[in-house]
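# Coordinate analysis (summary)
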Amino acid sequence: MSLSKCLEILTKYFPSFLLGIRTTLIVAILGTLIGLIIGLFIGGIRAVKLDKTASKSVYIIKKIIDIITKIYIEVFRGTPMMVQAVFIYYLVYTNIFKWDKMFAAIFIISINTGAYMAEIIRSGIQAVDPGQNEAARSLGMSSSQTMMNVILPQAIKNAFPAIGNELIVNIKDSSVLMIISITELMFQSNSIAGTTYRFTETYFVTAMIYLFLTSISSFILHLIEKRLNNTKTSFPQSDTNIHSIVIASKGE
Amino acid sequence: MALIEIKNVKKSFETNKVLSDISFEVNKGDVVCMIGPSGSGKSTMLRCINLLEDIDEGQIIVLGQDINKIKDINAYRKNVGMVFQQFNLFNNMNVLDNCVLAQVKVLKKDKNEAEQVAIQRLSEVGLKDFIYAFPNTLSGGQKQRVAIARALCMDPEILLFDEPTSALDPQMVGEVLNVIKNLADQDMTMVIVTHEMAFAKDVADKIVFMDDGIILEEGSPDQIFNNPKNERTRQFLSRII
Ligand SMILES: Nc1ncnc2c1ncn2[C@@H]1O[C@H](COP(=O)(O)OP(=O)(O)OP(=O)(O)O)[C@@H](O)[C@H]1O
Ligand SMILES: [Mg+2]
């Protein structure tokens with residue numbers, strides 16, 4: 001393998017690579033965002049523990065939702081995305097409508113990511129200490145007000161590294177979507193390699209581009225994470241205590 | 001006038017009978033301290049009053065209504081504030097927002113008005129300078145005072161305290177008890193589960209001694225601390241004081 005040949009391929013086929021990068025990023029970013037929304041819904045519902053005041057019908061509905069969402073999560077995490085892609089693409093294409101490939105790709109990566117996100121969000125929610133939930137409820141806040149204002153913001157913050165990791169995974173794993181011939185980076189590389197017959201050099205360039213994309217993404221995610229953790233605090237000087245009444249405490 | 005009437009309340013967790021036939025009353029403006037050994041059901045009783053737990057039998061009448069028949073639980077809860085052992089502040093917001101959130105969401109106040117109330121209440125607990133601090137930068141005593149201010153912002157008729165000082169370092173117990181003592185002086189109706197016997201003696205109008213899911217003895221602090229009738233009460237007090 002020669003590096004100069006790599007450089008030559010990169011410059012000569014730069015527009016093709018660029019199109020691949022563009023498609024890969026669109027699919028990965030949209031897939032992660034839509035997956036996150038799916039995950040917030042499903043993970044949010046799965047994390048809800050019904051309290052004692054819930055009626056029997058609510059309880060049964062919740063049980064059914066739990067079973068359905070569990071099946072969704074297990075199926076999409078337990079099968080390869082490449083298989084999901086061909087299966088869903090052709091299922092819809094032959095039976096429902098002739099859908100756009102790009103649309104199909106985003107659809108597939110989104111529901112695949114959603115299954116992972118649901119578990120990430122669920123465990124993020126469950127990691128928020130339940131005392132805060134009780135405190136909010138004791139102030140008269142409804143369970144949805146509590147979820148939106150107190151629990152979810154903390155769950156998302158705690159789960160941010162795992163959520164960000166899904167983006168990195170999607171940048172890499174969107175490569176399997178070449179199976180439905182969208183112009184993402186892997187698909188573009190295949191056609192470049194097919195024209196140049198320089199397989200080693202072409203795929204070396206491809207690998208470097210993927211590495212570049214994931215490194216940049218990690219860096220940006222890291223910055224965002226740092227900002228999230230850097231909650232602004234004031235530095236108060238005095239603790240103006242109310243007039244003291246001396247009360248002996250136990251064991252003194 | 002009784003603000004809270006507990007009538008023959010029974011409650012089990014599965015087979016574990018936690019409350020067996022509890023009855024007592026809390027009058028308007030009174031401070032009732034609940035004492036008793038660990039596992040006797042004090043927290044459970046308190047949580048039932050705030051509908052964090054439901055009861056199996058009996059009645060809890062608060063402000064004239066049977067709370068287990070109430071449809072709008074959230075409307076009921078805004079009248080009954082609760083302060084927890086672990087403070088339970090909202091860690092994703094500063095002290096001011098901790099006190100503002102429920103006023104805006106539940107009482108539907110506008111933000112400015114809610115902030116005025118919050119600052120007023122925070123001043124009363126000595127934390128005016130800390131309104132922009134986040135909970136993780138506060139000491140335990142400060143956190144608990146925020147939690148009390150947060151409950152007060154809802155203008156509740158009743159405040160419930162579940163061991164408000166048990167998670168605190170000894171040197172911070174006093175500042176929190178002072179705040180509660182001030183509320184007692186302002187005739188706030190309160191039910192306080194505590195192990196601080198000196199405090200209970202000082203602040204309570206009535207002491208309720210619970211043991212193993214029943215009330216063994218209740219009466220004035222003088223009666224309970226100086227002339228306990230029951231042998232178990234005597235043993236408990238001699239161990240703890
Ligand atoms: N959510 C729950 N599920 C099952 N059992 C519970 C639950 N909450 C409390 N219990 C049980 O009920 C009994 C009474 O508990 P409770 O917390 O009311 O006691 P306590 O008097 O507050 O004790 P402490 O002084 O230790 O706080 C204990 O045996 C406890 O294990
Ligand atoms: Mg307790």
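Since the structure is predicted, the reported quantities are computational estimates derived from the model, not experimental observations. (Residues numbered from 1 in each chain as written. Chains lettered and ligands numbered in written order. Predicted model: local features only at pLDDT ≥ 70, side-chain atom pairs only at ≥ 80, totals over all residues. Heavy atoms only, no water.)

### Re a nonpolar patch on the surface
All names here are of chain A. A cluster of nonpolar residues, V48, L50, V58, Y59, I60, I64 and I68, forms a patch on the protein surface that exposes about 600 Å² of accessible area. Counting through the fold element by element, L50 comes out in the loop between α2 (14-47) and α3 (56-78). By relative accessible area, which is 32% here, L50 ends up partly exposed. (Patch = residues over 30% accessible without salt bridge, like charges linked within 9 Å, V, L, I, M, F, W, Y side chains within 5 Å. Areas by Shrake-Rupley, 256 points an atom, 1.4 Å probe, with all protein chains shown as cover. Salt bridge = Lys/Arg side-chain N within 4 Å of Asp/Glu carboxyl O. Helix = DSSP H or I, 4+ residues; strand = E, 2+ residues; numbered from the N terminus. Buried < 20%, exposed > 50% of the residue type's maximum accessible area, 1.4 Å probe, protein only.)

### A short note on the packing of aromatic side chains
Evaluated as defined, the whole model comprises nine aromatic pairs over all chains. Where W99 of chain A meets F107 of chain A, the ring centres are 5.6 Å apart and the plane angle is 65 degrees; that geometry is what we call edge-to-face. Classification of W99 of chain A as buried rests on a relative accessible area of 5%. The partly exposed category is assigned to F107 of chain A, whose relative accessible area is 36%. Members of the aromatic cluster, each reached through a chain of ring pairs, are Y89, Y90, Y93, F97, W99, F103 and F107 of chain A. We note R150 of chain B situated over the ring of F90 of chain B; from NZ or CZ to the ring centre the distance is 4.5 Å. (Phe/Tyr/Trp six-rings, centres within 6.5 Å; stacked < 30°, edge-to-face > 60°. Lys NZ or Arg CZ within 6 Å of the ring centre and 35° of its normal.)

### A word on the sheet that holds strand β6 (residues 80-83) of chain B
Residues and elements named next belong to chain B. Spatially, the six strands line up as an open sheet ordered β6-β7-β8-β3-β9-β10, and their pairing is mixed. The open sheet has two free edges, formed respectively by β6 and β10 (214-219), since each of these has just one partner strand. Direction aside, neighbouring strands of the sheet carry axes that sit 15 degrees apart on average. Across four bridges, the pairing between β6 and strand β7 (residues 158-162) is parallel. Counted as the bridge partner of M82 is L160 from β7. (Pairing = 2+ DSSP bridges. Axes fitted to C-alpha atoms, helices over the stretch in contact; angles between N-to-C directions.)

### Here we look at the packing of α2 of chain A against α3 of chain A
All names here are of chain A. Orientation of α2 relative to α3, taken along the N-to-C sense of each, is 135 degrees, at an axis distance of 10 Å. In terms of orientation, α2 and α3 fall into the oblique class. The two elements α2 and α3 cross, and the hand of that crossing is left-handed. When α2 is examined against α3, the residues I38, I42, I45 and R46 are found in contact with a partner set consisting of K62, I65, D66, T69, K70, Y72 and I73. Residues belonging to the contact of α2 with α3 are distributed by class as follows: six nonpolar, one polar and four charged. (Parallel < 35°, antiparallel > 145°, perpendicular 65-115°, else oblique. Left-handed = near helix turned anticlockwise from the far one by under 90°. Contact = heavy atoms within 4.5 Å. Nonpolar A, V, L, I, M, F, W, Y, C, P; charged D, E, K, R; others polar.)

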